[in-house]
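What follows is each chain in one-letter form.
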Amino acid sequence: MSGILIVDDERDIRELISDILRDEGFVTRLAANSEECMDAINEEAPALMILDIWLKDSRMDGIDILKTVKRDNPDVPVVIISGHGNIEIAVAAIKQGAYDFIEKPFNIDQLLVVVRRAMETSRLRRENSDLRRRDVTAADMIGSGAAFKTLRAQIDKVTKSNGRVMLWGPPGSGKEVAARFIHSQSNRAAAPFVTVTSASIEPERMEEVLFGRETPERGVEKGLLEQAHGGVIYFDEVADMPIGTQSKILRVLVEQQFTRVGGADKVRVDLRVISSTTRDLKTEIAAGRFRQELFDRLNVVPITVPSLDERREDIPELVGHFVEMFNKTQGLPLREISDEATALLQTMPWPGNVRQLKNMVERVLILGDGTGPIEARELPGREQPTEGEGRVVLSGGLATLPLREARELFEREYLLTQINRFGGNISRTASFVGMERSALHRKLKSLGVVTTAKSGGRVAHLDSEEEETSEI
């Protein structure tokens, strides 16, 4: 909100009030009629309005403007002034939501007292509104592996700008966390962060949800774009947005204004846009399901969020973070995790990525018995040998192979798993498996295991999986 908006059809009066208030250190804007008044409000809502009841050559009088302002901007205090004042007008103005009523010719001291009180009321309302609408969901970026460092370096470059960012990555990899982190480190951190989950909104309601609506019965209902004014609008899985809505969002990005459904006035917004997707938008464009122009507007800075498989080094830190979080938010036990359980987590498949890991930690803490370290046997989805047997469970396929082939298959899968567990670091892998580095190199070459750079780290795979690879 910005300054004090003074609305009076008499130039001498509005300029006199402005001069008085500016001498006291206030910032003012002036409007001579209802059209100029509404344009000024749509451009930026004032912290306070001083409004004349009678406005010549205007489509709306002061009471009409008061009703509109209290409907659309209920937190803005309005002080009514009039040279034709009487008790009936004052009562009508107060009933419509006016903060106070002052008669012309006004006393300067009285005007200043009312303005200062109203400005304090405005400040308190803004603070309360900010606290209500600010999303306090955590935006912690956890990790120290190579892939994570690459991601963090890219994010750090965009936090202080207003550039549009497109986050690419598989489901559950942490795209919204990255978006919230960008917001929390930006100069808009105190402003709203509003999420648009396109998949959960019925296509026929999308425009009402985004742009809001105006009806005689319910007045103005602000949409998500208006709620995000001054802050960040986050389009989660933007590919789910209906094709018809895409063209209107494109116009908002160009003009920074829109019209509510059922309304006539333009609503101006100041937004930073962050989007995310799990799909190949170029394929969606080719299929006619996504607009090329919108893609070009949103994809100014593309950032890839790596899967958990590409950042297995970060799993111990992530588990520790989730344990502390669930302890604070749900009172669950503050437990450490054993080396065996850590190793198992780093070798398990994670199709659901970080979200799946978080859910698993919560489940273990809820179902676990005790406060000691989390053991491998507590982790769901993996059978463990009976204690004391010293045995592992063979898969059906492995059990049918001759010893030599089974040993080679086991060694290949075992070393692939260990290298990926340590983020492609051969020295750490060699130390863990108990081999000399040179011997490990020879073994990997004989097994056809190579690595390639991906998401800032290195991923191990078989030489036949890709044509362009680099040997370890």
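Keep in mind the model is a prediction, meaning the values are calculated, not measured.

1. Brief notes about the overall build of the protein chain
Across its full length, the protein chain holds 19 helices and 16 strands. When burial is assessed residue by residue, the protein chain has 44% of its 472 residues classed as buried. Once local pairs closer than 6 in sequence are excluded, the contacts in the protein chain between residues at least 24 apart make up 68%. Approximately 24400 Å² of the protein chain is accessible, and the part contributed by carbon and sulfur atoms is 48%.

2. What to know about a negative patch on the surface
Where like charges cluster on the molecular surface, the negative patch consists of Glu 36, Asp 39, Glu 43, Glu 44 and Asp 265. With a relative accessible area of 33%, Glu 44 lands in the partly exposed category.

3. Here we look at the nonpolar core
With 32 residues, the main nonpolar core has Leu 225, Ile 233, Phe 235 and Ile 249 as its most contacted residues. Elements supplying a minimum of two residues to this core: strand 6 (165-168), strand 7 (193-197), helix 8 (206-211), helix 9 (224-227), strand 10 (232-236), helix 10 (243-255), helix 11 (281-286) and helix 12 (292-298). The contact partners of Leu 225, leaving out residues within four places of it in the chain, are Leu 210, Phe 211, Ile 233, Ile 249, Val 252, Phe 258, Val 269 and Leu 271. Core analysis: the next-biggest nonpolar cluster, separate from the first, contains 24 residues, Val 7, Ala 40, Val 69 and Val 76 among them.

4. Some words on the sheet that holds strand 6
Pairing between the strands of a sheet is mediated by backbone hydrogen bonds and can be parallel or antiparallel. On the basis of which strands lie adjacent, the open sheet formed by five strands has the order 7-10-13-6-14 and parallel pairing. Every other strand in the sheet has two partners, leaving strand 7 and strand 14 (301-304) as the edge strands with one partner each. The average angle at which neighbouring strand axes cross in this sheet is 20°, direction not considered. When strand 6 meets strand 13 (residues 272-277), the two strands line up parallel, connected through four bridges. Bridge pairing links Val 165 to Ile 274 in strand 13.

5. Some remarks on helix 15 (residues 353-367)
Taking 1.5 Å of rise per residue, the 15 residues of helix 15 would be expected to cover 21 Å, and the 21 Å separating its terminal C-alpha atoms lies within 8% of that figure. All of the buried residues along helix 15 are Asn 353, Val 354, Leu 357, Met 360, Val 361, Val 364 and Leu 365. For helix 15, the arc enclosing every buried residue in end-on projection is 130°, short of the 170-degree limit, so these residues lie on one face. What points out from helix 15, more than 90 degrees from its buried face, is the exposed set Arg 355 and Leu 367. Looking at the buried side of helix 15, the elements it contacts are helix 13 (315-330) and helix 14 (339-347).

6. Comments concerning a nonpolar patch on the surface
A grouping of Phe 410, Tyr 414 and Phe 432 is seen on the molecular surface, where their side chains present a nonpolar patch of about 290 Å² in accessible area. Tracing the backbone through its elements, the reader meets Phe 432 in helix 18 (residues 426-433).

7. As for the packing of aromatic side chains
Overall, the coordinates contain five aromatic pairs when judged by the stated rule. Consider the rings of Phe 211 and Phe 258, whose centres lie 5.5 Å apart with planes at 45°: the pair is tilted. On the criterion of sequence distance, the pair formed by Phe 211 in helix 8 and Phe 258 in strand 11 (residues 257-259) is long-range, its members being 47 residues apart. Each member of the pair, Phe 211 as well as Phe 258, carries the same accessibility label: buried. Of note, Arg 421 hangs over the ring of Phe 432, and the distance from its end group to the ring centre comes to 4.5 Å.

8. Regarding the environment of Leu 66
Relative to the helices and strands, Leu 66 is located in helix 3 (residues 62-72). Separated by 28 residues in the primary sequence, Leu 66 and Ile 94 place their C-alpha atoms 10.0 Å from one another.

9. Points about the packing of helix 18 against helix 19 (residues 437-447)
Packing of helix 18 against helix 19 brings their axes to within 9 Å, and their N-to-C directions diverge by 100°. It follows that helix 18 is roughly perpendicular to helix 19 by the angle criterion. Between helix 18 and helix 19, the contacting residues are Ile 426, Ser 427, Thr 429 and Ala 430 on the first element and Arg 437, Leu 440, His 441 and Leu 444 on the second. Among the residues making up the contact of helix 18 with helix 19, the classes are represented as four nonpolar, three polar and one charged.

10. Description of the confidence of the model for the protein chain
This prediction gives the protein chain a mean pLDDT of 85; 89% of its residues lie at or above 70. Model confidence for the protein chain, summarised as mean pLDDT per element, is weakest for helix 16 (residues 396-399) at 62 and strongest for strand 6 at 97. The low-confidence segment residues 132-137 (pLDDT under 50) makes seven contacts with residues lying over four places distant or belonging to another chain.

11. With respect to unusual backbone geometry
With a phi angle near 55°, Asp 57 is a residue other than glycine that sits in the positive phi range. What makes Asp 57 exposed here is its relative accessible area of 77%. Phi at Glu 237 is positive, roughly 50°, even though this residue is not glycine. Looking at where Glu 237 falls in the secondary structure, it is placed in the loop between strand 10 and helix 10.

12. Focus on the sheet that holds strand 4 (residues 78-82)
Reading across from one edge, 2-1-3-4-5 is the order of the five strands in this open sheet, with parallel pairing throughout. What marks the edges here is a single partner per strand, and that holds for strand 2 (28-31) and strand 5 (100-103). In this sheet, adjacent strand axes meet at a mean angle of 20° when their direction is disregarded. Note that strand 4 and strand 5 share four bridges and pair parallel. In the strand pairing of strand 5, Ser 82 is matched with Glu 103. Docked against the sheet, helix 1 (residues 11-23) engages strand 1 (4-7), strand 2, strand 3 (48-52) and strand 4, running at close to 175° with respect to strand 2. Docked against the sheet, helix 3 engages strand 3 and strand 4, running at close to 160° with respect to strand 3.

13. With respect to the environment of Ala 430
Turning to its location among the elements, Ala 430 is positioned in helix 18. A residue is classified by how much of its surface remains accessible, and Ala 430, at 4% relative accessible area, is buried. Sequence separation between Ala 430 and Leu 415 is 15 residues, and the spatial gap between their C-alpha atoms is 9.6 Å. Not counting chain neighbours up to four residues away, the residues in contact with Ala 430 comprise Met 435, Glu 436, Arg 437 and Leu 440.

Scoring rules and cut-offs
Residues numbered from 1 in each chain as written. Predicted model: local features only at pLDDT ≥ 70, side-chain atom pairs only at ≥ 80, totals over all residues. Heavy atoms only, no water. Helix = DSSP H or I, 4+ residues; strand = E, 2+ residues; numbered from the N terminus. Buried < 20%, exposed > 50% of the residue type's maximum accessible area, 1.4 Å probe, protein only. Contact = heavy atoms within 4.5 Å. Areas by Shrake-Rupley, 256 points an atom, 1.4 Å probe, with all protein chains shown as cover. Patch = residues over 30% accessible without salt bridge, like charges linked within 9 Å, V, L, I, M, F, W, Y side chains within 5 Å. Salt bridge = Lys/Arg side-chain N within 4 Å of Asp/Glu carboxyl O. Lys, Arg positive; Asp, Glu negative; His and termini not counted. Charge placed at Lys NZ, Arg CZ, Asp CG, Glu CD. Core = buried A, V, L, I, M, F, W, Y, C linked by side-chain atoms within 4.5 Å. Pairing = 2+ DSSP bridges. Axes fitted to C-alpha atoms, helices over the stretch in contact; angles between N-to-C directions. Expected span 1.5 Å × (residues − 1). Arc of directions from axis to C-beta. Phe/Tyr/Trp six-rings, centres within 6.5 Å; stacked < 30°, edge-to-face > 60°. Lys NZ or Arg CZ within 6 Å of the ring centre and 35° of its normal. Parallel < 35°, antiparallel > 145°, perpendicular 65-115°, else oblique. Nonpolar A, V, L, I, M, F, W, Y, C, P; charged D, E, K, R; others polar. pLDDT = per-residue confidence, 0-100.

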